[in-house]
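Coordinate inspection notes
Listed below are the residues making up each chain.
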Amino acid sequence: MTQDVKEIFSSDSPPAPAALAAKVRTLAPSMTRSMQLVAEAVAGDPAGCAALTVTGLAELTGTSEATVVRTARLLGYPGYRDLRLALAGLAAHQESGRSPAVTADIAVDDPIAEVVAKLAFDEQQTLADTAAGLDTVQLGAAVAAASTARRIDIYGVGASSLVGQDLAQKLLRIGLIAHAHTDPHLAVTNAVQLRAGDVAIAITHSGSTGDVIEPLRVAFDRGATTVAITGRPDGPVSQYADHVLTTSTARESELRPAAMSSRTSQLLVVDCLFIGVAQRTYETAAPALAASYEALAHRHSPRSTR
């Protein structure tokens with residue numbers, strides 16, 4: 001896949017105001033530093049920036065008018081005027097239903113009740129950001145390919161491998177042939193066996209994990225349909241992906257590394273993919289799921305005390 005970030009996130013209409021903050025958080029890591037300054041300004045103070053002209057925002061951020069316009073377009077708006085309207089809408093939305101004043105910056109001496117509140121808020125924000133930024137056209141194409149696949153291979157390492165195993169188990173229970181590979185050597189040797197009609201799914205938050213990119217490249221070269229689930233749609237993994245499903249780029253903290261925060265958004269995308277496949281294959285998926293429940297039912301029944 002050779003689309004740039006702008007093409008990946010583009011749509012027929014500008015994003016809704018509520019989706020603007022999510023898009024800034026997702027795209028900021030891939031922006032130039034000057035564009036990041038503009039994006040951070042509009043996300044941090046939508047009301048104040050909505051009142052500024054393009055020249056005023058450029059002066060505020062120490063950038064140029066051209067940078068402001070490029071940032072607006074990258075965020076999905078035809079021009080700065082459209083971005084200002086979205087900022088005004090976002091400001092109004094925040095004013096009418098402001099989120100609780102809590103952040104996910106967990107201190108080592110935070111009471112456990114506060115830790116729970118912060119993590120819950122951060123999880124909610126991560127899920128909302130992922131839902132807002134997920135391209136349903138790309139998702140639909142990935143669902144269609146997986147629904148008719150002869151075989152589905154899934155690649156992931158570290159925390160992403162857990163997500164891959166979760167997806168493989170779900171697909172197996174509705175009767176599809178799916179394998180989650182965590183060993184990079186086995187992943188490549190299995191990818192060599194793929195062909196047109198098969199699907200390969202790479203899960204990598206950074207978009208640059210070599211042990212995940214390599215088997216996806218092999219699968220791509222073999223003619224399989226390839227899917228990347230990543231927080232960096234501009235990353236190297238996208239070069240070998242027919243379809244890119246973008247996850248939220250959550251903020252790290254000392255006590256909560258990216259491996260933890262990224263898994264939440266990955267699991268949401270995986271669930272959306274699975275449900276879509278189950279819907280399209282319902283006639284075979286429903287009996288297969290019922291059979292798997294029945295096969296395991298005795299394991300959940302109270303043991304006899306005799």
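Above this note sits the structure.
Residues numbered from 1 in each chain as written. Predicted model: local features only at pLDDT ≥ 70, side-chain atom pairs only at ≥ 80, totals over all residues. Heavy atoms only, no water.

Take the overall build of the protein chain next. Regarding its fold elements, the protein chain presents 14 helices and 5 strands. Within the protein chain, buried positions represent 44% of all 306 residues. Put simply, 70% of the contacts in the protein chain that link residues at least 6 apart link residues at least 24 apart. Counting only carbon and sulfur atoms, one obtains 56% of the accessible surface of the protein chain, whose full area is about 15200 Å². (Helix = DSSP H or I, 4+ residues; strand = E, 2+ residues; numbered from the N terminus. Buried < 20%, exposed > 50% of the residue type's maximum accessible area, 1.4 Å probe, protein only. Contact = heavy atoms within 4.5 Å. Areas by Shrake-Rupley, 256 points an atom, 1.4 Å probe, with all protein chains shown as cover.)

If you walk across this open sheet you meet the 5 strands as β2-β1-β3-β4-β5, and the pairing is parallel. In the strand order of this sheet, the two ends are held by β2 (178-181) and β5 (243-246), each with one partner. Across the sheet, the mean angle separating the axes of adjacent strands is 15° when strand polarity is ignored. Bridge count for strand β3 (residues 199-204) against strand β4 (residues 225-230) is 6 bridges, and the pairing is parallel. Counterpart to Val-199 in the pairing with β4 is Thr-225. With respect to the sheet, helix α9 (residues 136-147) is in contact with β1 (152-155), β3, β4 and β5, its orientation differing from that of β5 by roughly 120°. Against the sheet, helix α11 (residues 184-191) contacts β1 and β2, and its axis sits at roughly 150° relative to β1. (Pairing = 2+ DSSP bridges. Axes fitted to C-alpha atoms, helices over the stretch in contact; angles between N-to-C directions.)

A few words now on the nonpolar core. Ranked by size, the top nonpolar core spans 29 residues in total, and within it Ile-152, Ile-154, Leu-167, Leu-171, Ile-174, Ile-201 and Leu-245 carry the most contacts. Residue assignment for this core shows that the elements contributing at least two residues are α9, β1, α10 (159-173), β3, β4 and α13 (258-280). Examining the composition of this core, we find that 6 residues originate from one element, α13, more than from any other. If we skip the residues at most four places from it in the chain, Leu-167 touches Ile-154, Ile-201, Val-270, Leu-273 and Phe-274. Core analysis: the second largest hydrophobic core is formed by 23 residues, Met-31, Val-42, Leu-75 and Ala-86 among them. (Core = buried A, V, L, I, M, F, W, Y, C linked by side-chain atoms within 4.5 Å.)

Oppositely charged side chains can form a pair if their charged atoms are brought close together. A full pass over the atoms with the stated rule returns 8 salt bridges. Here Lys-170 makes a salt bridge to Asp-166, at a shortest N to O gap of 2.5 Å. With Lys-170 and Asp-166 both in helix α10, this residue pair falls 4 residues apart, about one helical turn. Exposure remark for Lys-170: the relative accessible area of 21% places this residue in the partly exposed category. Residues Arg-232 and Asp-234 are paired through a salt bridge, measuring 3.2 Å at the closest nitrogen-oxygen approach. (Salt bridge = Lys/Arg side-chain N within 4 Å of Asp/Glu carboxyl O.)

What describes a pair of aromatic rings is the distance from one ring centre to the other and the angle between the planes of the rings. Enumeration according to the criterion identifies 1 aromatic pair in this entry. With centroids separated by 6.1 Å and ring planes inclined at 65°, the aromatic side chains of Phe-220 and Tyr-240 adopt a geometry described as edge-to-face. Here Phe-220 is found in helix α12 (residues 210-221), whereas its partner Tyr-240 is found in the loop between β4 and β5, with 20 residues between them in sequence. Given the relative accessible area of 29%, Phe-220 is considered partly exposed. Above the plane of the ring of Tyr-293 lies Arg-173, whose end atom (NZ or CZ) is 4.7 Å from the centre. (Phe/Tyr/Trp six-rings, centres within 6.5 Å; stacked < 30°, edge-to-face > 60°. Lys NZ or Arg CZ within 6 Å of the ring centre and 35° of its normal.)

Before going further, it helps to examine α10. Working note: α-helix, 3.6 residues per turn, so residues spaced by three or four point in the same direction. Over its 15 residues, α10 runs 22 Å from end to end, which matches the ideal 21 Å to within 8%, given 1.5 Å per residue. Every buried residue belonging to α10 is among Ala-159, Ser-160, Ser-161, Val-163, Gly-164, Leu-167, Ala-168 and Leu-171, and all of these are buried. With its phi angle positive at about 90°, Gly-175 sits one or two positions after the end of α10. (Expected span 1.5 Å × (residues − 1).)

This paragraph deals with α12. Under the 1.5 Å per step criterion, the end-to-end length of α12 is 16 Å for 12 residues, consistent within 8% with the ideal 16 Å. Restricting attention to buried positions, one finds in α12 the residues Val-212, Ile-213, Pro-215, Leu-216, Val-218 and Ala-219. Looking at the buried positions of α12, the neighbouring elements they touch are β1, α11, β3 and β4. Among the residues trailing α12, Gly-223 stands out with phi positive, at a value near 100°.

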